[in-house]
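# Coordinate analysis (summary)
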Amino acid sequence: MESMSAVLTTGETPFLGAYSMTQEKVRQEDKAPRENRMTVGVPFVDDARMTCRGVNVYYGEKHAINNVSIDVGRNEVLAMIGPSGCGKSTFLRCLNRMNDTVEGCRVEGDIQLDELNIYDKSVDVVPLRAQVGMVFQKPNPFPKSIYDNVAYGPKIHGLASSRAELDEVVESSLKKAGLWSEVSDRLDQPGTGLSGGQQQRLCIARAIAVRPEVILMDEPCSALDPIATATVEDLISELQEQYTIVIVTHNMQQAARVSQRTAYFHLGDLIEVGSTDRIFTNPRHRLTEDYITGRFG
Amino acid sequence: MQAEKRETTMDRVSKGLARRYRRERWFRLFGLSAIVTSVCFIALLFVSIGANGWSAFQQTEVLLDIHFDKEQFDVDNLSTANYGALVKNSMQALFPDVTGRSDKRELNKLVSSGASYVLQKMVIKDTGIIGSTKKIWLPADDEVDMFLKGYISRDVAESARRLNDKQIGWIDQLVAEGRLEKKFNTIFFTAGDSREPELAGIRGAVAGSLFTLAVTLLLSFPIGVATAVYLEEFAPRNRWTDLVEVNINNLAAVPSIVFGLLGLAVFLNVFGMPRSAPLVGGLVLTLMTLPTIIIASRASLKSVPPSIREAALGVGASKMQAITHHILPLAMPGMMTGTIIGMAQALGETAPLLMIGMVAFIVDVPHGVTDPATVLPVQIYLWADSPERAFVERTSAAIMVLLGFLISMNAIAVFLRRKFERRW
Ligand SMILES: Nc1ncnc2c1ncn2[C@@H]1O[C@H](COP(=O)(O)OP(=O)(O)O)[C@@H](O)[C@H]1O
Ligand SMILES: [Mg+2]
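Every residue gets a number counted from 1 within its own chain, in the order that chain's sequence is written. Lettering for chains starts from A, numbering for ligands starts from 1, and both go in the order in which the items are written. Thresholds applied to this predicted model are a pLDDT of at least 70 for local features of residues and 80 or more for the giving and counting of side-chain atom pairs; totals over whole chains, interfaces and linings are not thresholded and use all residues. Hydrogens are left out, water is left out, and the side-chain values use all remaining heavy atoms of the structure.

A few words now on the site of ligand 1. All names here are of chain A. Here, proximity means that at least one heavy atom of the residue falls within 4 Å of the molecule or strand. Around ligand 1, the surrounding shell consists of Y59, K62, A64, S84, G85, C86, G87, K88, S89, T90 and V102. G87 places a polar main-chain atom, nitrogen or oxygen, 3.1 Å from an oxygen atom of ligand 1. N or O atoms within 3.5 Å of each other form a polar contact, as long as, within protein, one can give a hydrogen and the other can take it, and as long as residues adjacent in sequence are counted only when both atoms are side-chain atoms. In the environment of ligand 1, an oxygen atom lies 2.4 Å from a nitrogen or oxygen atom belonging to the side chain of T90. Helical segments are the DSSP runs of H or I of at least four residues, strand segments are the runs of E of at least two, and each set is numbered from the N terminus. Here the shell around ligand 1 takes three residues from helix α2 (residues 88-94), the largest share from any one element.

With that settled, consider the pattern of salt bridges. As a working rule, side chains carrying opposite charge can pair if their charged atoms are close by. The salt bridge criterion pairs a side-chain nitrogen of Lys or Arg with a carboxyl oxygen of Asp or Glu, the two atoms within 4 Å. For the structure on display, the rule yields 33 salt bridges over all chains. R309 of chain B is the partner of E233 of chain B in a salt bridge, and the nearest nitrogen-oxygen pair spans 2.6 Å. Placement of E233 of chain B in helix α8 (residues 203-234) and of R309 of chain B in helix α12 (residues 306-314) is noted, with a sequence separation of 76 residues between them. Per-residue accessibility, obtained with a 1.4 Å probe over protein chains only, is compared with the maximum for each type, and a residue is labelled buried under 20%, exposed over 50%, and partly exposed between these values. Using a relative accessible area of 21% as the deciding quantity, one classes R309 of chain B as partly exposed. A single network of salt bridges, built from pairs that share partners, joins D47, R49, R74, D114 and E213 of chain A.

Okay, the packing of helix α11 (residues 278-302) of chain B against helix α13 (residues 319-347) of chain B next. Residue and element names in this part refer to chain B. Think of each axis as a best-fit line through the C-alpha atoms, taken over the contacting stretch in the case of a helix, with angles from 0 to 180 degrees between the N-to-C directions. Two elements in contact, α11 and α13, have axes separated by 8 Å at closest approach and are oriented at 150°. In terms of orientation, α11 lies roughly antiparallel with respect to α13. Our pair here, α11 against α13, has a crossing hand that is right-handed. Within the contact between the two elements, α11 uses L285, M288, T289, T292, I293, A296, S297, S300 and L301 and α13 uses I327, L328, A331, G334, M335, G338, T339, G342, M343, Q345 and A346. Across the contact of α11 with α13, the residue classes break down as 11 nonpolar, nine polar and no charged. For classification, angles of less than 35 degrees are called roughly parallel, those exceeding 145 degrees roughly antiparallel, those between 65 and 115 degrees roughly perpendicular, and all remaining angles oblique. We call a crossing left-handed when the near helix sits turned anticlockwise from the far one by less than a right angle, and right-handed when that turn is clockwise. Contacts: residue pairs with any heavy atoms within 4.5 Å of one another. Ten residue types, Ala, Val, Leu, Ile, Met, Phe, Trp, Tyr, Cys and Pro, are classed as nonpolar, four, Asp, Glu, Lys and Arg, as charged, and the remainder, Gly among them, as polar.

The next subject is the packing of aromatic side chains. Residues and elements named next belong to chain A. Note on aromatic contacts: the rings of Phe and Tyr and the six-membered ring of Trp form a pair at centre separations within 6.5 Å, being stacked when their planes are under 30 degrees apart, edge-to-face when over 60 apart, and tilted otherwise. Evaluated as defined, the whole model comprises 11 aromatic pairs over all chains. With a centroid separation of 5.6 Å and 45° between ring planes, the pair formed by F91 and F265 is classed as tilted. With F91 in helix α2 and F265 in strand β10 (residues 261-266), the pair connects residues that are 174 residues apart, well separated along the chain. Grouping residues by exposure puts F91 and F265 together as buried.

Our focus in this paragraph is the sheet that holds strand β5 (residues 105-113) of chain A. Residues and elements named next belong to chain A. One bridge is not enough; two strands pair if DSSP finds at least two bridges between them. Across the sheet, four strands lie side by side as β3-β2-β5-β6; this open sheet has antiparallel pairing. On the outer flanks of this sheet lie β3 (62-73) and β6 (116-117), each paired with one strand and no other. Across eight bridges, strand β2 (residues 48-59) lies against β3 in antiparallel orientation. Residue pairing in the sheet places A48 in a bridge with G73 of β3.

A separate point is the environment of R186 of chain A. Residues and elements named next belong to chain A. Along the chain, R186 falls in the loop between α6 (180-183) and α7 (196-208). A relative accessible area of 25% places R186 in the partly exposed class. Sequence-wise, R186 and I146 are 40 residues apart; in three dimensions their C-alpha atoms are separated by 7.8 Å.

All names here are of chain B. As far as domains go, chain B holds domain 1 (58-185) and domain 2 (203-420). On a C-alpha basis, the centroid separation for the pair domain 1 and domain 2 is 45 Å. Buried area between domain 1 and domain 2, both sides added, is near 480 Å², and the carbon and sulfur share of it is 47%. Defined in terms of a 1.4 Å probe, buried area is the accessible area two parts forfeit on being brought together, summed over both. Counting the surface domain 1 buries against domain 2, the share from its top three residues, D142, M146 and Y151, is 68%. Bear in mind that the domain bounds are from an automatic or database domain assignment.

Once that is clear, we can look at a nonpolar patch on the surface. Residues and elements named next belong to chain B. Patch members must show over 30% relative accessible area and no salt bridge, and they are joined within 9 Å when carrying like charges or within 5 Å when they are nonpolar side chains of Val, Leu, Ile, Met, Phe, Trp or Tyr. Reported accessibility uses the Shrake-Rupley method at a 1.4 Å probe radius. Residues are deemed covered only where the shown protein chains occlude them. Nonpolar side chains collect at one region of the surface, where I42, L45, F46 and I407 lie side by side and expose about 360 Å² of accessible area between them. At three residues, the largest contribution of residues to the nonpolar patch is made by helix α1 (residues 2-53). Residue position: F46 is located in helix α1. Judged by relative accessible area, which is 39%, F46 ranks as partly exposed.

On to the side chain of E232 of chain B, then. Mapped onto the secondary structure, E232 of chain B falls in helix α8. Those residues in contact with E232 of chain B, other than ones at most four positions away along the chain, are R237, R298, L301 and K302 of chain B.

Next up on the list: a positive patch on the surface. Only four residue types enter the charge count, namely Lys and Arg as positive and Asp and Glu as negative; His and the chain termini do not. Charge placement uses NZ in Lys and CZ in Arg. For Asp and Glu, CG and CD serve respectively. Among the surface-exposed residues, R19, R20, R22, R23, R25 and R28 of chain B lie close enough to one another that they form a single positively charged patch. In this fold, R19 of chain B is placed in helix α1.

All names here are of chain B. Where α8 meets helix α15 (residues 376-384), the closest approach of the two axes is 8 Å, and the angle between their N-to-C directions is 145°. The segment α8 lies against α15, with A205, V206 and S209 engaging L376, P377 and Q379. Here the residues of the contact of α8 with α15 are counted per class, giving four nonpolar, two polar and no charged.

This part covers the confidence of the model for chain B. Here pLDDT means the predictor's own confidence in every residue, given as a number from 0 to 100. Of all residues in chain B, 98% attain a pLDDT of 70 or more, and the chain-wide mean is 90. Model confidence for the complex is summarised by a pTM of 0.83, with the ipTM given as 0.86.

Residues and elements named next belong to chain A. Within the fold, T90 resides in helix α2. Residue classification places T90 among the buried residues on the basis of a relative accessible area of 9%. With residues up to four places along the chain from it excluded, the contact list for T90 reads V57, Y59, A64, I65 and N99.

Note on interface size: it is often stated as the accessible area lost on association of the parts. In this assembly, 18 residues from chain B lie in contact with 21 residues from chain A. Surface buried jointly by chain B and chain A totals about 1,700 Å² across both partners, of which 61% is contributed by carbon and sulfur atoms. Sorting the residues of chain B by area buried against chain A places E310, V315 and H326 of chain B first, and these three jointly supply 32% of that buried surface. Linking chain B to chain A there are one salt bridge. A salt bridge links E310 of chain B to R93 of chain A, with the shortest nitrogen-to-oxygen separation between them at 2.8 Å. The interface formed by chain B and chain A contains six residue pairs in polar contact (both at pLDDT 80 or more). At the level of secondary structure, the elements contributing two or more residues to the side of chain B that touches chain A comprise α12 and α13 of chain B. Counting residues per element, the side of chain B that touches chain A draws most heavily on α12 of chain B, which supplies seven residues. Of the residues belonging to the side of chain B that touches chain A, the class tally is eight nonpolar, seven polar and three charged.

This brings us to the pairing of β2 of chain A. Residues and elements named next belong to chain A. Judged by how many residues are buried, β2 sits mostly within the fold: 11 of 12 residues are covered. Between the end of β2 and the start of β3, which pair antiparallel, lie two residues, with G60 showing a positive phi angle near 60°. Two elements, β2 and β5, share eight bridges in a ladder whose sense is antiparallel. Paired with V57 across the two strands is V107, which belongs to β5.

Listed below in structure tokens is the structure:
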């Protein structure tokens, strides 16, 4: 419980008093030791879109996420980094309850979207997933036309009342995803026929077509080549103006390029959260430092 | 030193390489010979059935000048008129010198007893022909047919063959006059079963098979798909569903005759459904094909990549929407393939149908699922059991028709698989 009280401190107040909040480099001996599993840094923000408190996730007996508390700010890009298997995807999937579909997966704790607990019994996952969209690691367009891929979400949620309106939603979503100029003349062709990078942007267009508030991206560029990756990264920066984005990445340069805040996970624990600049230049936890300096990964 | 070591490694690899390639060659040769053997057997099967059966598609007919004598139609009911007499009279006119009573009987035997039905049908269709004389091709007796097809030899002693010397003489005369010819056998495709080979057809059995299969398809496809979807997408994984799964796999291995006995006990004895009816046959075959369809459907549901499911759920589709909009359409080709294979099995099934009385001798072509009927494989079984030589070729011909159905069903399955197959 001692950890809870510490975690619940909000704002820019330093979480662990002993560690200085100044921009000066934290002295090596002042860094949190490797054994420390309490979150270091500033996990909370003033204007939060999503707040997570004391989240634990179990896969059967396996404890995959251990008491994680963090906020996702409005219109920010939050990057989640960490060695593979540390629970980044698991935590990300808690945010739109995609873990509900996993047999044996149990989520405890409190996750709120705009002050509403999304794990409340009264919450329906269907509208929740419309509010919190998701882009997956491997591009997964439906084996349907490009148009139908984008139009599917608006159709099932009844977001467009006429064909013309639907056309408009499709066009604007594809434009936002930066794909319109490449596919406008072949909307009726299968989405699976596009290149990997185009497919991933199509999936992003599909996600934003239902006008979500938050977009979750699980290593969206890991299956893409460098040029396609750059395109998607530019896109993320543009989308940030309208959406809140949580992105999981194993690529630290990518986290540095696209995000404002970064969270470092280690074996199910949230080790450190802070502004991206700070995390990469001045980590306060030895594990974070080990990871970003390449000593561990 | 280093170079030398490399040398030896390469040498060793190439030594092993020869052995590896030899093994591969042997394996390929083995596979090839297995395929060649099975192709040979299939070819043998088709050739022997074809050689036996092709002649059944022709039937000998005799051209008679039938005089529709007004006197004969001096009755209340057109169907009771003595059509046999019309045939006899015209035969008599062709062979005026045949006078003896028994000779006349022998002569009349050359024309099928079914000839009078042909005339009856003509008159009922158009009563205007009464009083006129018409040249009409009528079916000849099966023995005449066999003789013309060369299955009865004239070199055999008279007592050892079914046609005596006099009859053969008349046949020769008719052939010489151009009154006896082999024609396309329409009766085979339009008639039901008969005791007379020349009047027996597969229409009744085909109709029975189609009705039975229709019942089977209408029941087993929806039930099978629904079961597969429930088990795969909704059912919790626990001991009960494991038990259900094991039992479905067991059912697939149960001998089909057991389903026939079950059908007899349940559908006929408990529910009192009609015997020999395609409805009951369809129910029994449904029990038999359900496991096949469920297993195939589950496999094809499993083969839909989970990423598609996640994609649908990720944009906020409900579970049901994800299934009906994405998973089912993608799994459908596999389900249909499984269903068609199940149907093909059902089409060739005999044993369970014997149990519920579909083995009866039924002349009428069934017009509904409750009419008594038989099915193609049972018809084949019945004909194969008949002593007449002419049924031998009809058996083979019926097998050809059955194989034709089976091959086209499998072709449809392959076509569907090709057409709707997706690559991710
Ligand atoms: N469906 C699952 N069932 C059981 N264990 C799982 C499942 N998914 C993930 N895990 C486990 O949870 C831990 C976190 O996994 P994950 O969130 O995928 O890590 P990351 O995305 O950071 O690589 C891993 O140890 C993994 O083995
Ligand atoms: Mg992951």
